[in-house]
Amino acid sequence: MSSEISFKKELIGNFGYPVWDNPTEAMVEAAFAHHNLKFRYVTTEVKAENLKAAFEGLKAMGYKGFNCTIPHKVAIIDHLDGLGESASIMEAVNCVVERDGKYIGENTDGKGFMESIRTVTDPAEKNVLIFGAGGAARAVSVELSLAGINHLIIVNRSTNRGEGLVELLRTKTNVDVELINWQGDYSVPADRDIVINCTSIGLSPDVIRVPVLKESLQPSMIVCDLIVNPPHTPFLQEAESQGCQILDGVGMLVNQGRIGIKYWSGVDVDPEVMRKKIEEIYS
Ligand code: NDP
């Protein structure tokens, strides 16, 4: 009897526009190769008006799932068969998983951050401050709220977006939250345990500092930045010079990738392989 030969690979996609600066494919493929998983991850430029057609095509080709990024994180919901808990609260999806023929939307951004922060502290009962109220801030604040933080301050430049996030948190979680309108250098209150930059300030090529009064950052604070390019942002450098413990955005990126691969393949991959690839890309 001849042995069966199969070159089959399961397919995973990544839809976005713009998308060519997204490092996820390199990171995920490194994990697939390291664990010899018969999977391929394909980044595809998909404009907003082509989302429905792209998703139909992906289903026809039997994809096991996909990541979606700007501008599809909310629009994709209308096309899916269901949502996981976090995605349903956040009303945003960054990871879709095929389960028994149904495509279910998950949100792994906030979960990735939680795994990263838990390497340095347990956020339960902590006083947290978040700069920003966009998609990343939404994902991180929802997960922190579900994890039972004591109090949350959202600091955002535009009042509208800030109010939207605070309303979502008050409606869908039990967190005690207040909104501060951001003007000039912000002085971080001394009672904060965790301070997180969830804005796009500091992202390459405009590697600028977060407008914060440096002296208000205390050594007792854990200061985090979601930016991965570059990982050691001016904000983290200022926090480090004040004696704070710092946490870069690479851990969040790696962990959301790891969680996605677990959803798609069932395999818990080694995060170090992915971290190494990301560090190599941004070195
Ligand atoms: P959004 O565009 O949804 O939100 C951007 C946020 O940044 C808004 O709150 C915006 O404020 C604020 N902002 C931007 N520029 C300024 C400025 N000059 N001054 C004050 N506030 C400013 O982006 P996302 O939330 O999706 O992503 C934010 C960043 O998080 C990304 O740049 C990305 O690098 C990072 N990220 C990292 C991940 C990781 O895995 N490490 C995952 C996801 C994101 P306003 O409302 O006033 O416009």
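Quick note: structure is the one above.
Only a predicted model underlies this, so the values are computations on that prediction, with no experimental measurement involved.

Of all residues adjacent to the ligand, which total 21 residues, the nearest are Ala136, Asn156, Arg157, Ser158 and Leu226. In this structure, an oxygen atom belonging to the ligand sits 2.8 Å away from a main-chain N or O atom of Ala136. In isolation the ligand exposes 920 Å². Once the protein is present, 78% of that is buried. Listing elements by their share of the shell around the ligand, those giving two or more residues are helix H5 (135-146) and helix H8 (250-265). Its residues placed into classes, the shell around the ligand shows ten nonpolar, eight polar and three charged.

Where strand E1 (residues 10-16) and strand E2 (residues 39-45) come together, seven bridges link them in parallel fashion. By the bridge assignment for E2, Gly16 is matched with Glu45. With respect to chirality, the unit in which E1 leads through helix H1 (residues 24-34) into the neighbouring parallel E2 is right-handed.

So, on to the environment of Ser200. Inspection of the secondary structure puts Ser200 in the loop between strand E10 (194-197) and strand E11 (222-225). The exposure class of Ser200 is exposed, given its relative accessible area of 55%. Spatially, the C-alpha atom of Ser200 lies 9.7 Å from that of Asp225, the residues being 25 residues apart in sequence.

Note on aromatic pairs: each is described by the distance of the centres and the angle between the planes. Evaluated as defined, the whole model comprises eight aromatic pairs. Arranged with centres 4.9 Å apart and planes meeting at 35 degrees, the rings of Phe15 and Phe66 form a pair that is tilted. With Phe15 in strand E1 and Phe66 in strand E3 (residues 65-68), this residue pair connects regions lying 51 residues apart in the sequence. When the centroid spacing of 6.1 Å and the interplanar angle of 85 degrees are considered together, the rings of Phe131 and Phe235 count as edge-to-face. Of this pair, Phe131 sits in strand E7 (residues 127-131) while Phe235 is found in helix H7 (residues 234-241), placing the two residues 104 residues apart along the sequence. With relative accessibility at 1%, the residue Phe235 sits in the buried group. One aromatic cluster in this structure is built from Phe15, Phe55, Phe66 and Tyr103. Sitting over the face of the ring of Tyr263, Arg99 holds its NZ or CZ atom 5.3 Å from the ring centroid.

Our focus in this paragraph is the pattern of salt bridges. As enumerated under the stated definition, the model contains 16 salt bridges in all. In this structure, the salt-bridge partner of Glu279 is Arg275, at a minimum N-O distance of 2.9 Å. Residue Glu279 and its partner Arg275 are both found in helix H9 (residues 271-282); the two are separated by four residues, about one turn of the helix. Classification of Glu279 by relative accessible area gives partly exposed; the value is 38%. Between Glu280 and Lys277 there is a salt bridge, with its nearest N and O atoms 3.3 Å apart. Of this pair, Glu280 and Lys277 both sit in helix H9, separated by three residues, roughly a single helical turn.

Thresholds applied
- Residues numbered from 1 in each chain as written.
- Predicted model: local features only at pLDDT ≥ 70, side-chain atom pairs only at ≥ 80, totals over all residues.
- Heavy atoms only, no water.
- Near = heavy atom within 4 Å.
- Polar contact = N/O pair within 3.5 Å; in protein donor to acceptor, adjacent residues only side chain to side chain.
- Areas by Shrake-Rupley, 256 points an atom, 1.4 Å probe, with all protein chains shown as cover.
- Helix = DSSP H or I, 4+ residues; strand = E, 2+ residues; numbered from the N terminus.
- Nonpolar A, V, L, I, M, F, W, Y, C, P; charged D, E, K, R; others polar.
- Pairing = 2+ DSSP bridges.
- Right-handed = clockwise from strand over helix to strand, strands pointing away.
- Buried < 20%, exposed > 50% of the residue type's maximum accessible area, 1.4 Å probe, protein only.
- Phe/Tyr/Trp six-rings, centres within 6.5 Å; stacked < 30°, edge-to-face > 60°.
- Lys NZ or Arg CZ within 6 Å of the ring centre and 35° of its normal.
- Salt bridge = Lys/Arg side-chain N within 4 Å of Asp/Glu carboxyl O.

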